[in-house]
Amino acid sequence: MGEILVEVATDQPFGHGVPAQLGISGDALNVAAAAASAGATVGLLAVLTDDDLGQAIAARIAELGISTDLLTFRRGQQGVYLVHSDPDGEREFSYARTGSVGSTLGPDDVDPAVFAAAGAVVAGGIACAISATSRAAVVKAASLATRFVYDPNYRPRLTSVEDATAALTELAPQAFLVTPSYPGETGALLGVSSAEHAAARLRSLGTGNVAVTCGAKGVQLESDAVSAWVPAIPAPAVVDQTGAGDAFVGTLTARLVLGDDFPTAARYGAAASSLVVGGKGGTGLIPTFEQTRAHAAGSLEGTAPSNA
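So, here is what we can say about the structure in this document. (Residues numbered from 1 in each chain as written. Predicted model: local features only at pLDDT ≥ 70, side-chain atom pairs only at ≥ 80, totals over all residues. Heavy atoms only, no water.)

Time to look at helix H1 (residues 27-37). Along H1, 10 of the 11 residues are buried, which leaves the element largely enclosed by surrounding structure. Turning to H1, its buried residues number three or more, namely Asp 27, Ala 28, Leu 29, Asn 30, Val 31, Ala 32, Ala 33, Ala 34, Ala 35 and Ala 36. Where the residues of H1 are buried, they touch strand E2 (21-25), helix H2 (52-63), strand E7 (121-124), helix H4 (125-129) and helix H9 (244-257). Gly 39 occupies a position one or two residues after H1 and carries a positive phi of about 115°. (Buried < 20%, exposed > 50% of the residue type's maximum accessible area, 1.4 Å probe, protein only. Helix = DSSP H or I, 4+ residues; strand = E, 2+ residues; numbered from the N terminus. Contact = heavy atoms within 4.5 Å.)

Examined against the element boundaries, Ala 164 turns out to sit in helix H6 (residues 161-171). For the pair Ala 164 and Ala 296, spaced 132 residues apart in sequence, the C-alpha separation works out to 33 Å. Setting aside chain neighbours within four positions, we find Ala 164 in contact with Tyr 154, Thr 159 and Leu 189.

We now examine unusual backbone geometry. Residue Tyr 182 is joined to Pro 183 through a cis peptide bond whose omega torsion reads 10°. Relative to the elements of secondary structure, Pro 183 occurs in the loop between strand E9 (177-178) and helix H7 (184-190). At Asn 153, a residue that is not glycine, the phi angle is positive and equals roughly 40°. With respect to the helices and strands, the residue Asn 153 is situated in the loop between strand E8 (148-151) and H6. Residue Asn 153 is classed as buried on the basis of its relative accessible area of 7%.

Glancing now at the packing of aromatic side chains. To describe a pair of aromatic rings, one takes the distance between the centres and the angle between the planes. Tallied over the entire structure, the rule returns 5 aromatic pairs. Seen from their ring centres, Tyr 81 and Phe 93 are 5.9 Å apart, and the 40° between their planes marks the pair as tilted. Taken together, the positions of Tyr 81 in strand E5 (residues 80-85) and Phe 93 in strand E6 (residues 91-96) put the pair 12 residues apart, joining distant regions of the chain. In this structure Tyr 81 comes out as buried when scored by relative accessible area, which is 3%. Ring plane angle 75° and centroid distance 5.0 Å describe the contact between Tyr 268 and Phe 289, whose orientation is recorded as edge-to-face. Here the residue Tyr 268 occupies a position in helix H10 (residues 262-276), and Phe 289 occupies one in helix H11 (residues 289-296), the gap between them amounting to 21 residues. Note on Tyr 268: relative accessible area 14%, which makes it buried. Pairwise contacts between aromatic rings join Tyr 81, Phe 93 and Tyr 95 into one cluster. Note that Arg 147 overlies the ring of Phe 176, its terminal NZ or CZ placed 5.7 Å from the centroid. (Phe/Tyr/Trp six-rings, centres within 6.5 Å; stacked < 30°, edge-to-face > 60°. Lys NZ or Arg CZ within 6 Å of the ring centre and 35° of its normal.)

Shown next as structure tokens:
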């Protein structure tokens with residue numbers, strides 16, 4: 001659940017006449033696409049414009065193997081972002097999303113029967129940040145879900161550290177899984193200096209499973225039964241790092257729901273995220289699960305870095 005955005009991507013600095021590529025993205029769509037590709041049956045709760053643009057976005061959602069049954073269409077403005085990226089991962093974003101139709105998502109859009117029946121419900125800090133009604137929808141979903149997955153996805157230009165921390169603190173006790181990133185989110189929202197301490201803090205709040213993503217190094221996993229380091233898998237090609245974290249969350253969640261154990265599911269998530277960066281845009285390259293599984297099998301050894 002969350003906001004869908006029109007993506008305008010270029011590999012050149014922003015300027016008049018610069019060629020760009022249109023796409024459909026946003027953290028919720030990126031997660032959903034990865035989960036569908038990983039083998040799950042996926043629906044996407046989002047609000048789109050009730051015009052040709054909204055229909056075009058819905059067609060792309062369906063093309064990615066995601067059910068459109070939970071989409072709502074309303075009059076309004078679709079959120080847009082511009083991104084300039086290069087293969088080294090340097091990215092510059094510019095957003096036009098204030099008051100977007102996606103931010104009108106609210107508790108009334110959350111169907112209790114659908115959300116209670118789902119194998120997992122995934123939401124993120126961006127959905128909590130874009131409006132009070134959207135945050136209320138996430139809180140309602142968390143109370144209904146059998147497995148609630150929360151990605152803090154802290155964006156300083158979108159919300160304050162105080163509000164992002166409050167959302168995480170409120171939702172962590174209800175979460176089956178939380179996926180913060182180290183060191184940025186763990187330091188800002190949890191006030192800790194290591195991945196292990198971040199996981200311990202979330203576990204103390206009541207979170208069942210924690211996967212602390214440590215960028216190109218790997219992922220620290222903690223749960224009642226597991227304390228493990230999953231090393232990152234080198235990417236075959238790096239074109240654009242947009243959506244890599246979302247691919248990890250979507251793949252990990254899908255594989256957990258489908259029965260994989262925590263370390264195995266996380267390894268598939270790491271493999272998917274390292275393949276996604278070979279395409280341009282959030283959904284420019286969505287690997288099949290066969291590709292993800294083969295990539296995950298390519299490297300099975302590793303140790304945790306000393307500062308993880």
